[in-house]
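The primary structure of each chain is shown beneath.
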Amino acid sequence: MYLERLTSILGEDLVLAYPAQFDRYCRDWMGDVTVGCVAVLRPRTTEDVAQAVRTCRDLGLSIVPQGGNTGLVLGGLPDDPARQVILSLERLNRIRKIEPADFSAIVEAGCILQTVKNAVAEKDLFFPLALGAQGSCQIGGNISTNAGGLNVLRYGMMREQVFGLEVVLPDGRIWNGLSALRKDNRGIDLKHLFIGAEGTLGIVTAAAIKLLPRPTKVATGLIAVASLRDAVSIYSLCRSLCSDLMTAFEFLPPSALALAKEAMPTLDYPIAGEHPAYALMEIAGSGLIDIDALMESTLAELYDRGLVLDGVLSSSEKQTRNLWAFREGMIHGIANRGRHLRTDISVAFSRLPDFVGQAESLLGLKLPACQAVSYGHVGDGNVHLDVIPPSDLTEDEKIHVVEAAKDLLFDLVYEFDGSISAEHGLGREKRDDFIKSTPPVTIELLQSIKNAIDPDGIMNPGCQLPRKN
Ligand SMILES: Cc1cc2nc3c(=O)[nH]c(=O)nc-3n(C[C@H](O)[C@H](O)[C@H](O)COP(=O)(O)OP(=O)(O)OC[C@H]3O[C@@H](n4cnc5c(N)ncnc54)[C@H](O)[C@@H]3O)c2cc1C
């Protein structure tokens, strides 16, 4: 019944009605979870989205918006297949305009992040958001998760890159907040409600984004260090040594390099031998600043102070790609090991070494057969501490171990006053842990906002907050 009505109102072009057509929208990126849905809707315009929302509302269906489906917390996958449609933004993918004079652009939600980065680079401009999934994730997904990534320490998270939004509200109205003004204090800035809302308040259809001049010089290096504690001190020191021009500082344990090599056997180990820890650093700038000299003098200072065991500076694009491939490849290496715990934790930057030290000791004590891999955006106090169960366990046993590891780590996060979601969002995966660990007044405020904007609860029900029914 639903399918006939959806197709007759929206037209066949917008509706994928058969599971064989929409399989790929129903699986998470890791391949751990497969779900069902009534249909997948693929609007081409903002007006199409508004029409789709009104139709679903009239039919009593709820909507799960989906971008590139690279989210890692099950926010873009239905959990009530008989009553939920997936609304994919993939065809709403036009770059409406780039305004070099204003350092801004208006892009539709379904634009792939990499496509936007490339398009503005052609005009000597730069969009700083950078993450491993940038070849697949979409601007609308980045906004809805308030994505972080590799360059947050210099440029901030997605929220800081957004001037304005266009959003289809749960009643089908279009809210046009697409202003590219840099300063506008006319009361409460509504766009912030939709950034990080994971599709629970409306569907982002376009955004006015902030652009920067394109850095023309980038220097990348990998250093070997004695510990995460040393990496944290080095990061603080480097910020002043590099005049705060650092764009990335990623921490990798030796097991991360091995996992990357497992997934991408052609990678070349950049530093001989094995060291206790590594940091991948990048600085960038343009104009008169000699970025290479700045990187070299910084490394020389670190050597003089005895903080670095070994290091390599990239001298070609190929070498730079090889260095970054270790950071990106390790995620695939972990994914290839099958079901595992992925975390996305932040604590105060200064407490990161203590947190990771205690977490790894606890895991060693309670789950000694598991492999813990701690890596991530050290400069943001953000660690991905992933836990891989032994390969000889059954799937059920792995699920059990993953749950035990999660409880143990999250309890420690709360002790450290940290966050269980630094950048990936809550989705459906972390909803219950979030609610359990959050003061009731915060949940009540969030629920009031949800009720005011989406009184029927049709926008991504079950994501972030419990479903009404
Ligand atoms: C290899 C890899 C590396 C990653 N690295 C990082 C990282 O460094 N930092 C980081 O923050 N994340 C990272 N991620 C997670 C993920 O890429 C980001 O969360 C990304 O922003 C999701 O974008 P997406 O388009 O894939 O969204 P989806 O996964 O499709 O959706 C994510 C959420 O947003 C909602 N949504 C999507 N589009 C819209 C829209 N137009 N309107 C309203 N709601 C919408 C969905 O309903 C869902 O709740 C990584 C993922 C992978 C696979």
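Residues numbered from 1 in each chain as written. Predicted model: local features only at pLDDT ≥ 70, side-chain atom pairs only at ≥ 80, totals over all residues. Heavy atoms only, no water.

Student: Please give an account of the overall build of the protein that cites residues and values.
Tutor: Helix and strand counts for the protein stand at 15 helices and 18 strands. Relative to its length of 469 residues, the protein is compact, with a C-alpha radius of gyration of 23 Å against a globular reference of 23 Å. Summarising its shape, the C-alpha atoms of the protein cover approximately 70 × 55 × 45 Å along the three principal directions. Within the protein, residue pairs in contact and separated by at least 24 positions form 73% of the contacts whose partners lie at least 6 positions apart. Accessible area of the protein: about 20,200 Å², with a carbon and sulfur share of 52%. Each charge class in the protein can be summarised by its mean position, and for the 45 positive and 59 negative side chains these summaries are 5 Å apart. (Helix = DSSP H or I, 4+ residues; strand = E, 2+ residues; numbered from the N terminus. Rg over C-alpha atoms; globule rule 2.2 N^0.38 Å. Contact = heavy atoms within 4.5 Å. Areas by Shrake-Rupley, 256 points an atom, 1.4 Å probe, with all protein chains shown as cover. Lys, Arg positive; Asp, Glu negative; His and termini not counted. Charge placed at Lys NZ, Arg CZ, Asp CG, Glu CD.)

Student: So what's going on with the sheet that holds strand S18 (residues 382-388)? Which residues, and what values?
Tutor: One open sheet holds the seven strands; their spatial order is S15-S12-S14-S13-S17-S18-S16, and the pairing between them is antiparallel. Where the open sheet ends on each side, the last strands, each with one partner, are strand S15 (310-313) and strand S16 (345-346). The pairing of strand S12 (residues 217-225) with strand S14 (residues 277-285) spans nine bridges and is antiparallel. Residue pairing across strands places Ile223 opposite Ala279, the latter belonging to S14. (Pairing = 2+ DSSP bridges.)

Student: Pulling in residues and values, what's your account of the side chain of Ser88?
Tutor: Here Ser88 lies in strand S4 (residues 84-88). Reaching out from Ser88, the side chain makes a polar contact with the backbone nitrogen of Glu90 at a distance of 3.2 Å. In this structure, Ser88 is in contact with Tyr25, Val40, Leu41, Arg42, Pro43 and Gln66, ignoring residues within four places of it in sequence. (Polar contact = N/O pair within 3.5 Å; in protein donor to acceptor, adjacent residues only side chain to side chain.)

Student: Tell me what's going on with the sheet that holds strand S2 (residues 40-41), and back it up with residues and numbers.
Tutor: Strand-to-strand pairing in sheets goes through backbone hydrogen bonds, with the strands running parallel or antiparallel. Strand order in the open sheet formed by four strands is S1-S2-S4-S3, and the pairing between neighbours is mixed. A single partner strand is all that each edge strand has here, and the edge strands are strand S1 (15-16) and strand S3 (62-66). The pairing of S2 with S4 spans two bridges and is classified as parallel. Across the sheet, residue Leu41 finds its bridge partner in S4, namely Leu87.

Student: Run through the pattern of salt bridges, naming residues and quoting values.
Tutor: For the structure shown, the criterion picks out 31 salt bridges. Ionic pairing is found between Arg44 and Asp13, a salt bridge with its closest N-O pair at 2.9 Å. Here Asp13 lies in the loop between helix H1 (2-10) and S1 and Arg44 lies in the loop between S2 and helix H3 (46-59), a separation of 31 residues in the sequence. Given the relative accessible area of 41%, Asp13 is considered partly exposed. Measuring nitrogen to oxygen at the nearest pair gives 3.2 Å for the salt bridge that ties Arg42 to Glu90. In this pair, Arg42 is assigned in the loop between S2 and H3 and Glu90 in the loop between S4 and strand S5 (95-99), connecting sequence segments 48 residues apart. Salt bridges linked by common partners bring Arg94, Arg96, Glu108 and Glu166 together as one network. (Salt bridge = Lys/Arg side-chain N within 4 Å of Asp/Glu carboxyl O. Buried < 20%, exposed > 50% of the residue type's maximum accessible area, 1.4 Å probe, protein only.)

Student: Report on the domain arrangement of the protein, specifying residues and quantitative values.
Tutor: We note that the domain assignment places domain 1 (2-88), domain 2 (95-213), domain 3 (217-335) and domain 4 (345-415) within the protein. Placing the centre of domain 2 and that of domain 3 at their C-alpha centroids yields a distance of 29 Å. The interface is formed by six residues belonging to domain 2 together with 13 residues belonging to domain 3. Summed over both partners, the interface of domain 2 with domain 3 buries about 730 Å², with 57% contributed by carbon and sulfur atoms. For domain 2, the biggest contributors to the area lost against domain 3 are Leu150, Leu153 and Arg154; these three give 78% of the whole. Inspection of the domain 2/domain 3 interface yields zero salt bridges. The interface formed by domain 2 and domain 3 includes three residue pairs in polar contact (both at pLDDT 80 or more). Looking at the side of domain 2 that touches domain 3, its residues break down into three nonpolar, two polar and one charged. (Domains from an automatic or database assignment. Buried area = accessible area lost by both parts, 1.4 Å probe. Nonpolar A, V, L, I, M, F, W, Y, C, P; charged D, E, K, R; others polar.)

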